[in-house]
Amino acid sequence: MAKRKELKRVINSICTDLAAEVVAVSLYDAKPAEENVLAIINSILKTRKEYISRISHVEPGVPAKLYFKKLIEDFNNQTIEIIDQISNLN
């Protein structure tokens, strides 16, 4: 299992990169609707907040290794959904 601090750093980095990609697409591509751009950025912020808090507060009764494995899997799935939303902005 990775250290919690390192895991938080990775999540922050990925969310920052996703937000930068949304801004880049909104500026340089087909000028998508502003409400769609803001909705995706809000989704990224909510995802970041949710997973950072889940790292800090492990569910009682669940083995830590399984908990963090599930957390990483859930984060990866959420990230893929956000990437799909970004690619559909055009």
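Rules used in this analysis
- Residues numbered from 1 in each chain as written.
- Predicted model: local features only at pLDDT ≥ 70, side-chain atom pairs only at ≥ 80, totals over all residues.
- Heavy atoms only, no water.
- Axes fitted to C-alpha atoms, helices over the stretch in contact; angles between N-to-C directions.
- Helix = DSSP H or I, 4+ residues; strand = E, 2+ residues; numbered from the N terminus.
- Parallel < 35°, antiparallel > 145°, perpendicular 65-115°, else oblique.
- Contact = heavy atoms within 4.5 Å.
- Nonpolar A, V, L, I, M, F, W, Y, C, P; charged D, E, K, R; others polar.
- Salt bridge = Lys/Arg side-chain N within 4 Å of Asp/Glu carboxyl O.
- Patch = residues over 30% accessible without salt bridge, like charges linked within 9 Å, V, L, I, M, F, W, Y side chains within 5 Å.
- Areas by Shrake-Rupley, 256 points an atom, 1.4 Å probe, with all protein chains shown as cover.

A. Just the packing of helix H1 (residues 4–28) against helix H3 (residues 64–87), in detail. Interaxial distance between H1 and H3 falls to 11 Å at its minimum, and their mutual angle equals 5 degrees. Taken together, H1 and H3 sit at an angle that is classed as roughly parallel. Across from Arg-4, Leu-7, Ile-11, Ile-14, Cys-15, Leu-18, Glu-21, Val-22 and Val-25 in H1, the residues of H3 making contact are Phe-68, Leu-71, Ile-72, Phe-75, Thr-79, Ile-82, Ile-83 and Ile-86. Classifying every residue of the contact of H1 with H3 gives 14 nonpolar, one polar and two charged.

B. Region of interest: the pattern of salt bridges. The full count for this structure, using the stated rule, is three salt bridges. Taking the shortest distance from any N to any O, the salt bridge between Arg-54 and Asp-74 comes out at 3.3 Å. On the criterion of sequence distance, the pair formed by Arg-54 in helix H2 (residues 34–56) and Asp-74 in helix H3 is long-range, its members being 20 residues apart. When salt bridges that share partners are traced, they join Glu-50, Arg-54, Lys-70 and Asp-74 into one network.

C. Representation of a nonpolar patch on the surface. On the surface, a nonpolar cluster with roughly 340 Å² of combined accessible area is contributed by Val-23, Leu-27 and Tyr-28. Within the secondary structure, Leu-27 is located in helix H1.

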